[in-house]
Amino acid sequence: MVIPEQVRDAMVAHARFCLPEEACGLLAFDDAGRVRMVYALTNAERSPVAYTIEPREHIKALRHAERLGWHLGGVFHSHTHTAAY
């Protein structure tokens, strides 16, 4: 998967905004496999070590992506207090 710089920057900005809590979100892709949208969503856990995407926001992102002919194909989250794994 190729993550465009603009998409990476959006994910990093969201992670920084959410500190000290863990950030989370979804990625939408077009039929060619290109990332089309970053959905920076709320961590319902409000935790520095765990995340659950807020369910209402998840559904809104799904509906938005489907309206535009995209599909949700990726999840991102930060690791504020642990190494990535």
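Here, every reference points to the structure presented above.
The text that follows walks through the structure, step by step, so that each part is easy to find. Computed from a predicted model, the values in this text were never measured in an experiment.

In this sheet, strand β2 (residues 35-41) lies alongside strand β1 (residues 24-29) in antiparallel orientation, the contact comprising 6 bridges. Note that in β2 the partner of Gly-25 across the bridge is Ala-40. A loop of 5 residues connects β1 with β2, the two strands running antiparallel in sequence, and Gly-33 in this loop sits at a positive phi of about 85°.

On to helix α2 (residues 55-67), then. For α2, with 13 residues, the first-to-last C-alpha span of 18 Å sits near the 18 Å given by 1.5 Å per residue. Where α2 begins, one side-chain oxygen reaches toward the backbone nitrogen of Arg-56, 2.9 Å away; that side chain belongs to Glu-54. Residue Gly-69 follows α2 closely and has a positive phi angle near 80°.

Calculation notes
Residues numbered from 1 in each chain as written. Predicted model: local features only at pLDDT ≥ 70, side-chain atom pairs only at ≥ 80, totals over all residues. Heavy atoms only, no water. Pairing = 2+ DSSP bridges. Helix = DSSP H or I, 4+ residues; strand = E, 2+ residues; numbered from the N terminus. Expected span 1.5 Å × (residues − 1). Polar contact = N/O pair within 3.5 Å; in protein donor to acceptor, adjacent residues only side chain to side chain.

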